[in-house]
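Read off the chains here:
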Amino acid sequence: MTHTLHRRGSRQSLEHDFPMLSIKAVGYNDDGSELKLRKFLEIARRHNPVNLGSTTANMFQKPVDEVLAGAGKVSHAVFSNTDDLVAMMKDLKEADLGMSVVVSGLVDVVDECCRKAGIQRHTVEFSLGIWGKTELLPPDDVLEVTTMCGHAMISPKFVQSVVEDVRAGKMTAEAAGKTLAPQCTCGIFNPVRAGQLVGGMAAKKE
């Protein structure tokens, strides 16, 4: 199970959202894992990530060099297109860090990226969605934004607030995505996709 698994939205929107994480297996490959997880971030940095982070900070909270220095138990990167994702996969294959890597996204698209990178996926996990009193949840369009933070650090009311600011002309949709991004400390939030989603919500009539 991974906190990047529960993203929601249309296929068209999710075709531009590929969070990755690398993590150690406690008691198995602990030795040297911090350096290897830092190397993961260094490799990701070369391939135009829209977000980058560890368990302590993301690139919208601190300079990237500080994010890399804080690499510990798990490292994260998010890509908005398959070209960058494939390039990242190829470099990780060559680096052979010996660390577990998870890529979230549309299964057929991720599979095709693996094929292009010359690797074979090991496992597929699926989210079964949200069960219970779903009538208490925020609207679906807001959930598309908030579920990009797997620890629920982005408030639905904050999303609705930036939508109103974009609608009122106080900020651009792109700026709104970047405004939301610091709240997701570990860095799996996609500010580019968030800006597109917020812009779409702002364009709707109230």
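First things first, this report covers the structure right here in the doc. Computed from a prediction, not measured in an experiment: that's the story for all the values here.

Parameters at a glance
Residues numbered from 1 in each chain as written. Predicted model: local features only at pLDDT ≥ 70, side-chain atom pairs only at ≥ 80, totals over all residues. Heavy atoms only, no water. Helix = DSSP H or I, 4+ residues; strand = E, 2+ residues; numbered from the N terminus. Buried < 20%, exposed > 50% of the residue type's maximum accessible area, 1.4 Å probe, protein only. Contact = heavy atoms within 4.5 Å. 1 Å grid on protein atoms, 1.4 Å probe; cavity = no way out; pocket = protein on both sides within 12 Å on 5 of 7 lines; lining within 4 Å. Points joined across faces, edges and corners; volume = space filled by probe spheres on them. Salt bridge = Lys/Arg side-chain N within 4 Å of Asp/Glu carboxyl O.

With respect to the side chain of Thr147
Consideration 1: Tracing the sequence through the fold places Thr147 in the loop between helix H6 (140-146) and helix H7 (156-167).
Consideration 2: Judged by relative accessible area, Thr147 falls into the buried class, the value being 13%.
Consideration 3: When near neighbours in sequence (up to four residues on either side) are disregarded, Thr147 contacts His6, Arg7 and Arg8.

Describing the layout of surface pockets
Consideration 1: In this model, the largest pocket occupies a volume close to 1300 Å³.
Consideration 2: As for the largest pocket, its lining consists of 46 residues, and the residues nearest its centre are Val101, Val102, Val103, Ser104 and Thr123.
Consideration 3: Those elements that place two or more of their residues in the lining of the largest pocket are strand S1 (18-23), strand S3 (74-79), helix H4 (82-95), strand S4 (100-103) and helix H5 (107-117).

Digging into the pattern of salt bridges
It is possible for side chains of opposite charge to pair when their charged atoms get near one another.
Consideration 1: Here the structure, examined in full by the defined rule, presents 13 salt bridges.
Consideration 2: Arg11 is paired through a salt bridge with Glu15; the nearest N and O atoms lie 3.3 Å apart.
Consideration 3: By relative accessible area, which is 42% here, Arg11 ends up partly exposed.
Consideration 4: Here Glu15 falls in the partly exposed class, since its relative accessible area comes to 32%.

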